[in-house]
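Observations on chain architecture
Next come the chains, spelled out residue by residue.
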2 protein chains.
Amino acid sequence: MSSYYVGIDLGGTTVKLGLFSDVGELLDKWEIPTRKEDDGKHILPDIVESIEEKMSSYDGHIKGIGMGLPGPVTEDGVVKGCVNLGWGTFDVKNELASLTGVGNIKVGNDANVAALGEIWKGGGRGFDSIVMVTIGTGVGGGIIQHGKIVSGSSGAAGEIGHMKVKPGAPEVCGCGGHGCLECYTSATGIARMAKGGVVETKNTLAGSYLEGKEITAKDVFDGAKENDAYCLEIVENFGYLMGVGLANIASVVDPEAFVIGGGVSKAGQMVIDAIENNYNDNVMNALKNKQFRLAELGNDAGIYGAVRQVLICR
Amino acid sequence: MSSYYVGIDLGGTTVKLGLFSDVGELLDKWEIPTRKEDDGKHILPDIVESIEEKMSSYDGHIKGIGMGLPGPVTEDGVVKGCVNLGWGTFDVKNELASLTGVGNIKVGNDANVAALGEIWKGGGRGFDSIVMVTIGTGVGGGIIQHGKIVSGSSGAAGEIGHMKVKPGAPEVCGCGGHGCLECYTSATGIARMAKGGVVETKNTLAGSYLEGKEITAKDVFDGAKENDAYCLEIVENFGYLMGVGLANIASVVDPEAFVIGGGVSKAGQMVIDAIENNYNDNVMNALKNKQFRLAELGNDAGIYGAVRQVLICR
């Protein structure tokens, strides 16, 4: 009878699941919806039922379960409130253990878990310590030291989107603060910066914007790739503030490499170039010339990292 | 025959040494000058000779040696250039091992080692993770997670004095960067801020400054304690920028507590108050209400932390 491991990427809309062999090979992956009604009390039972159903076609038993979820999680697997799932303070690890009978369970924050996935099988392969930056609707971070997640005393390590890169600036962040990294460098932030001055320009974005079309971060990078001066300026602003943010992070944890993921990273090498130059301009000598990599696992980073928490292999 | 441990705090002018019992009791402490001539090649032999001399009055042998020194050190004890000591790249751990015959040797950065001392026997007692901030001529930092130093991939973790709290500001730091935390919140930075506008004020500092007396950070805190409006304003600026800096650090490593040491911390609770309020105003909810403590070990933090690297006991 074989041993299997399950990696779970629990999101606000969808639960992604992966079944792994005991040498870390992804055998099967599937999704179920996240049922958030009734304070999210169906979420874990739904997951367990789905795993049991999947296992009916495999001869073996589950030896470990790893999970990532969208909120701060302590190292003991306790969530201290997760509005995206309807949960208050909740001992997720113990609950999963009692529902499944599996002893080897680890629960982490989704951004941290994705970072663990990338250092194991993705853009961070070969490094011992990375900072992964996920640039999507917001900006998330995951800190890995010696191959392990740094989760922090309350599970909120790596919340780098809320680092102040423009202290006291007028821009208000979703966290209630001002001048957070996320205000300028998330997909939303890039689009907002672009909308700010676009009408005065005479480029194609301005035309379609005046006709009522939204501007996205992708539009900005696409324009920059065609050498549109205004788009290049926005990309440079993005790169400057992200470069300053990563320089500040390096002064705290001094990683070997930065891995850049999330939707905005699909713009590719231009994103790295914009950040890397500004990073080197804003960091002290001892911390210059770190490695910069694009994330490689896309939406699978979560299930890989989740299972990596419980599956120690190369 | 008893076992002893040695903690060494190697500074640019003086080497502080401490002899400890195997339960971590400080039995003896002494100092020798740091001989930096000839590219610092006398420093380690001088230290070893001094330890041997000291041990002639003790019946027993040295079981472990820990050292802190003023530069980046990798976890294997390799220094990558330390101008303060005249050293280039140098395997300090191996050299100390071959000079002494002791196998259990650890070498760390002085700010990191001081943080380890404070969490063991000082202001950080009882916590599992702290960030120690040393506010002196410069601003240094030490990150402790799960009771251990986070040294970073090149030994430069905790170099928080060079975090940008005013990116692009005109003030130039010793590191060559602009707007570093250290430019405003070190003793030097506080004095510089105070000198900047003092002539327009009519307080006592302005009078003595015009007569040629230097203004120190201590003068500023002393004035603030007597409710001088200008000094209170400088203290508030200091607290604001340090609060922002510590909020940024928390967003990376989420410690349980901050421990504030160095010469400026001698101003006491006023320093904590100035920082703590601004920290809470500038950090996201999940990271609010951390503990703030004054360092307690003063100049002995270095020898305590140094020995703690090799002496695991409670």
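Note that the coordinates shown come from a computational prediction; the quantities given were computed from them, not determined experimentally.

1. Side note on the overall build of chain A
Check the secondary structure of chain A and you find 11 helices and 12 strands. Here the C-alpha radius of gyration of chain A, 20 Å, is about what a compact globule of 314 residues would show, namely 20 Å. Overall, chain A is about 65 × 45 × 35 Å in size when its C-alpha atoms are taken along their principal axes. When each of the 314 residues of chain A is scored for burial, the buried share is 60%. Partitioning the contacts of chain A with sequence separation of at least 6, the portion at a separation of at least 24 is 60%. Across chain A, the 27 positively charged side chains and the 39 negatively charged ones have centroids separated by 3 Å.

2. Thoughts on the interface of chain B and chain A
Contacts between the two partners involve 40 residues from chain B, matched on the other side by 40 residues from chain A. Both faces combined, the contact of chain B with chain A buries some 2,900 Å², and carbon together with sulfur accounts for 56% of it. Scanning the region where chain B abuts chain A turns up zero salt bridges. The tally of links from chain B across to chain A stands at 24 residue pairs in polar contact (both at pLDDT 80 or more). Only strand 9 (139-145) and helix 9 (229-253) of chain B provide two or more residues apiece to the side of chain B that touches chain A. In terms of residue count, helix 9 of chain B provides more of the side of chain B that touches chain A than any other element does, eight residues in total. Tallied by class, the residues present in the side of chain B that touches chain A amount to 20 nonpolar, 14 polar and six charged.

3. Looking at the relation of the copies chain B and chain A
Between the two copies, chain B and chain A, the superposition gives an RMSD of 0.0 Å; the rotation angle is 180 degrees and the shift along the axis is 0.0 Å. The symmetry that links the two subunits is that of a two-fold axis. In this assembly the copies share their binding face: 100% of the residues contributing to the interface of chain B also contribute to that of chain A.

4. Some points on the sheet that holds strand 3 (residues 26-33) of chain B
Residues and elements named next belong to chain B. In spatial order, the strands read 3-2-1-4-7; together these five strands make up an open sheet with mixed pairing. Of all strands in the sheet, those with a lone pairing partner are strand 3 and strand 7 (105-109), marking the two edges. Neighbour to neighbour, the strand axes of the sheet diverge by 20 degrees on average, direction disregarded. Sheet topology note: the strand 1 (residues 2-10)/strand 4 (residues 60-69) ladder contains eight bridges and is parallel. In the strand pairing of strand 4, Ile8 is matched with Met67. Those strands touched by helix 3 (residues 92-100) are strand 4 and strand 7, and its axis lies near 145 degrees from that of strand 7. Helix 4 (residues 110-121) rests against strand 4 and strand 7 of the sheet, and its axis sits at about 110 degrees to strand 7.

5. Details of the packing of helix 9 (residues 229-253) of chain A against helix 9 of chain B
Any two packed helices are characterised by the angle at which their axes cross and by the distance between the axes. Taken N-terminus to C-terminus, the directions of helix 9 of chain A and helix 9 of chain B make an angle of 75 degrees; their axes are 10 Å apart at the nearest point. Here helix 9 of chain A is positioned roughly perpendicular relative to helix 9 of chain B, judged by the angle of their axes. Residues A:Asn248, A:Ile249, A:Val252 and A:Val253 of helix 9 of chain A pack against B:Asn248, B:Ile249, B:Val252 and B:Val253 of helix 9 of chain B. Of the residues contributing to the contact of helix 9 of chain A with helix 9 of chain B, the split by class is six nonpolar, two polar and no charged.

6. Some thoughts on the pairing of strand 11 (residues 257-261) of chain A
Residues and elements named next belong to chain A. The element strand 11 is extensively covered by neighbouring structure, given that five of its five residues are classed as buried. Here strand 11 shows no split at all, with Ala257, Val259 and Gly261 on one side and Phe258 and Ile260 on the other all buried. Pairing geometry for strand 8 (residues 130-135) and strand 11, over five bridges, is parallel. Looking at strand 11, one finds that Val133 is bridged to Ile260. Between the parallel elements strand 11 and strand 12 (residues 291-294), the chain passes through helix 10 (residues 269-282) in a crossover that is right-handed.

7. A few points about the pattern of salt bridges
Residue and element names in this part refer to chain B. Enumeration according to the criterion identifies 16 salt bridges over all chains in this entry. The residue Lys29 makes a salt bridge to Asp300 at a minimum N-O spacing of 2.7 Å. With Lys29 in strand 3 and Asp300 in the loop between strand 12 (291-294) and helix 11 (301-308), the pair connects residues that are 271 residues apart, well separated along the chain.

8. Here we look at the pairing of strand 7 of chain B
Each regular strand displays side chains that alternate between the two surfaces of the sheet. Residues and elements named next belong to chain B. For strand 7, the tally of buried residues reaches four of five residues, placing the bulk of the element in the interior. Bridge count between strand 4 and strand 7: five bridges; the pairing is parallel. Within strand 7, the position partnered with Leu69 by the bridge is Asn109.

Parameters at a glance
Residues numbered from 1 in each chain as written. Chains lettered and ligands numbered in written order. Predicted model: local features only at pLDDT ≥ 70, side-chain atom pairs only at ≥ 80, totals over all residues. Heavy atoms only, no water. Helix = DSSP H or I, 4+ residues; strand = E, 2+ residues; numbered from the N terminus. Rg over C-alpha atoms; globule rule 2.2 N^0.38 Å. Buried < 20%, exposed > 50% of the residue type's maximum accessible area, 1.4 Å probe, protein only. Contact = heavy atoms within 4.5 Å. Lys, Arg positive; Asp, Glu negative; His and termini not counted. Charge placed at Lys NZ, Arg CZ, Asp CG, Glu CD. Buried area = accessible area lost by both parts, 1.4 Å probe. Salt bridge = Lys/Arg side-chain N within 4 Å of Asp/Glu carboxyl O. Polar contact = N/O pair within 3.5 Å; in protein donor to acceptor, adjacent residues only side chain to side chain. Nonpolar A, V, L, I, M, F, W, Y, C, P; charged D, E, K, R; others polar. Least-squares fit on C-alpha atoms with pLDDT ≥ 70 in both. Pairing = 2+ DSSP bridges. Axes fitted to C-alpha atoms, helices over the stretch in contact; angles between N-to-C directions. Parallel < 35°, antiparallel > 145°, perpendicular 65-115°, else oblique. Right-handed = clockwise from strand over helix to strand, strands pointing away.

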